[in-house]
Each structure stands twice: as structure tokens, then as C-alpha cells.
Amino acid sequence: TLSHPSSFLTAMSAELTTLLSAMKVGDGNAPDFVAAAKKAPKSIGDMVAKLSEQAALSGKADAATATNALKAMEALANECIVTAEAALTNALAVMLTAASNKDKNVRAAATAAVQALASKMSIDNVRACLPHLFANIENSNGHFTRVLTLNTIAGFSDYAPDQPV
């Protein structure tokens, strides 16, 4: 065990850096991010920020890195939504932008990450997501980004609780 909190965070940061550098397409490292998030929930904000940087990469050589970062965000949304909701909401714009990436694997991973967040988040978080969603409806964004954004907004009704009549 580490006695000083900063040494613990340094160790977690090193572990996160190792995970990010070791990710390959389809290698299934997303559960490692979930385990790290469950082990140190306070590191989720930094973890998602680093994943966002990776997901925002748009070069052809960076497609595998972006895909795996988005898969890790999807896993965090599915497994750790209570602790990761705020950080993932802040990363929503990056996920939506990645939906217009030229690589089909990045687009699919971005779509899955956004759908996981939208389906697992609390109903109170919709208000925090709407500015990110409305900003991505603009024509200056890619077609797939706009489609995913509109589908996400429309999909909120699928996850809304039934209202008594």
C-alpha cells in the first residue's frame, strides 16, 4: 500500500499511461480501464481526459488508438456510470466529433460510446448533455456527428421513465 496520496496518484497515472500505450484494436483492454476506475474512482476524471485526447486523434495512423480510447469510454459508461458520468459528459463533444472520423471502426466505437452514455446516465444528466449535443448539430460538423447527435436526442425518450397519465 502507498502511504501518501500523491504517490498513489502517480502510480495510477503510470498504470494509466501503460494501459493507453499498450492498447491495440480488438485486444480487449477496456476491462483494465474499468478495473482501474473501480480501484481509484478519483482518477476517473484524469483517465477520461487522457482517453479524450486519444479519441480526438484523427490521423489514419491514429485510428486504432482512437478506437480503443472510445471503447474504454464505452466500458466506463457501461460499468462505472455513477462515478464516471460527469467526466464522460465532459468528453461527449469529443465522442460526437469522433463519429465523423474517416475510419469506420472509430465511427462505430464513437457511436457505441455515446449510446452507452445516453442509456446509462441518470435522467438528471440530460440537462448537462444538451449544450454538447446542440453544439454538434451545426452544419460545420460532419454528417455522422450530426446524425448521432440527433439520434441521441431522440433516444432520450427511450430511457425516460414512464409518466403517469
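Everything numeric in this text was worked out from a predicted model, so none of it was measured.

(A) Spatial organisation of empty space enclosed by the protein. Evaluated as defined, the whole model comprises one cavity of 30 Å³ or more. Size it by volume and the largest cavity reaches roughly 30 Å³. Leu92, Val114, Leu117, Ala118, Met121, Cys129, Leu133, Thr152 and Phe156 together form the lining of the largest cavity. For the lining of the largest cavity, the secondary-structure elements that each account for two or more residues are helix H7 (104-120), helix H8 (126-135) and helix H9 (143-159). Residue contributions to the lining of the largest cavity peak at three residues, all from H7.

(B) Structural view of helix H3 (residues 44-55). For H3, with twelve residues, the first-to-last C-alpha span of 16 Å sits near the 16 Å given by 1.5 Å per residue. Taken residue by residue, H3 has Ile44, Met47, Val48, Leu51, Ser52 and Ala55 as its buried positions. For H3, the angular spread of buried residues about the axis comes to 140°, placing them on one side. For H3, the exposed residues lying more than 90 degrees away from the buried face are Asp46 and Glu53.

(C) Fine view of the confidence of the model for the protein chain. The predicted model of the protein chain averages 84 in pLDDT, with 79% of residues at 70 or higher. Within the protein chain, no element has a lower average pLDDT than helix H1 (residues 5-22), which sits at 59, and none a higher one than helix H6 (residues 92-98), at 96.

Parameters at a glance
- Residues numbered from 1 in each chain as written.
- Predicted model: local features only at pLDDT ≥ 70, side-chain atom pairs only at ≥ 80, totals over all residues.
- Heavy atoms only, no water.
- 1 Å grid on protein atoms, 1.4 Å probe; cavity = no way out; pocket = protein on both sides within 12 Å on 5 of 7 lines; lining within 4 Å.
- Points joined across faces, edges and corners; volume = space filled by probe spheres on them.
- Helix = DSSP H or I, 4+ residues; strand = E, 2+ residues; numbered from the N terminus.
- Expected span 1.5 Å × (residues − 1).
- Buried < 20%, exposed > 50% of the residue type's maximum accessible area, 1.4 Å probe, protein only.
- Arc of directions from axis to C-beta.
- pLDDT = per-residue confidence, 0-100.

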